[in-house]
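Structure at a glance
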Amino acid sequence: MGIEIRDPEGNGATLEAAPGPAEGPLRVGILIEGPAAHAAWSCTPAAARELAAALVTAADEAEHARDAEPVSVRAADLLRGDVRDADRLMTVEAVRADGANVQVTWTSGAGRSWSQTYDADAAVRLRRRLRPGP
């Protein structure tokens, strides 16, 4: 199955992904072919999954990028799924109140996670605000 992609100048190519050869190390093949491009790459299955996750995240960000201007919210009001307005993708994984402080667990686009403690009233600038469901 080919996926149409375009470079910044608008030139099209087709990207195909397929399992690598049965013998040798496990690999996933990535082939790009078009009038202006030809490249063949391979990666491990784990790297292919990371690439797929990064593409899903980027697609989600692109679809929501024009929803609204960045907003600032109190750290205590952060919700799982909120996206931090920063150079790198950081998504709220969990929020735990601890008296006057809030511990926020962030997850990066690469799947790494870490926790930071904020004053409950600290303003946190968000690129995208999760809208709570009904």
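Provided above is the structure to which this section pertains.
Residues numbered from 1 in each chain as written. Predicted model: local features only at pLDDT ≥ 70, side-chain atom pairs only at ≥ 80, totals over all residues. Heavy atoms only, no water.

1. Digging into the pattern of salt bridges
The cut-off we apply is this: Only one rule defines a salt bridge in this text: a Lys or Arg side-chain nitrogen within 4 Å of an Asp or Glu carboxyl oxygen. Partly exposed residues are those whose accessible area sits between 20% and 50% of the maximum for their type, while under 20% is buried and over 50% is exposed, using a 1.4 Å probe and protein chains only. Strands are runs of DSSP state E lasting at least two residues, helices are runs of H or I lasting at least four, and both sets are numbered from the N terminus onward.
Under the definition given, this model contains four salt bridges. Residue Asp77 is joined to Arg74 by a salt bridge in which the shortest nitrogen-to-oxygen separation is 3.4 Å. Judged by its relative accessible area of 36%, Arg74 falls in the partly exposed class. A salt bridge links Asp121 to Arg74, with the nearest nitrogen and oxygen atoms 2.9 Å apart. A residue pair is termed long-range when its members are at least 10 positions apart, and Asp121 in the loop between strand 9 (113-119) and strand 10 (123-128) and Arg74 in strand 5 (residues 71-74) qualify at 47 residues. A cluster of three or more residues bridged by salt bridges with shared partners is formed by Arg74, Asp77 and Asp121.

2. With respect to the side chain of Ser108
Here is the rule: What makes two residues a contact is simply this: any of their non-hydrogen atoms within 4.5 Å.
Inspection of the secondary structure assignment puts Ser108 in strand 8 (residues 101-108). Setting aside chain neighbours within four positions, we find Ser108 in contact with Leu89 and Trp114.

3. Re the nonpolar core
Stated formally: Side-chain atoms within 4.5 Å are what join buried Ala, Val, Leu, Ile, Met, Phe, Trp, Tyr and Cys residues into a set we call a nonpolar core.
One finds Val73, Ala75, Leu78, Met90, Val92, Val102, Val104, Trp106, Tyr118, Ala120, Val124 and Leu126 forming the largest nonpolar core, which totals twelve residues. Only strand 7 (90-98), strand 8 and strand 10 provide two or more residues apiece to this core. A total of three residues in this core trace back to one element, the largest contributor, which is strand 8.

4. Comments concerning the pairing of strand 7
The test is simple: Two strands pair if DSSP finds at least two bridges between them.
Looking at chain direction, strand 7 and strand 8 are connected through eight bridges and run antiparallel. In the sheet register, Asp98 faces strand 8, and the bridge partner there is Asn101.

5. Quick look at the pairing of strand 2 (residues 12-19)
As paired elements, strand 1 (residues 3-6) and strand 2 share four bridges and run antiparallel to each other. Note that in strand 2 the partner of Glu4 across the bridge is Thr14. The turn joining strand 1 and strand 2, which pair antiparallel and follow one another in sequence, is formed by five residues; a positive phi near 95° is taken by Gly10. Two elements, strand 2 and strand 3 (residues 28-34), share six bridges in a ladder whose sense is antiparallel. Paired with Glu16 across the two strands is Leu31, which belongs to strand 3.

Structural measurements only, silent on function.
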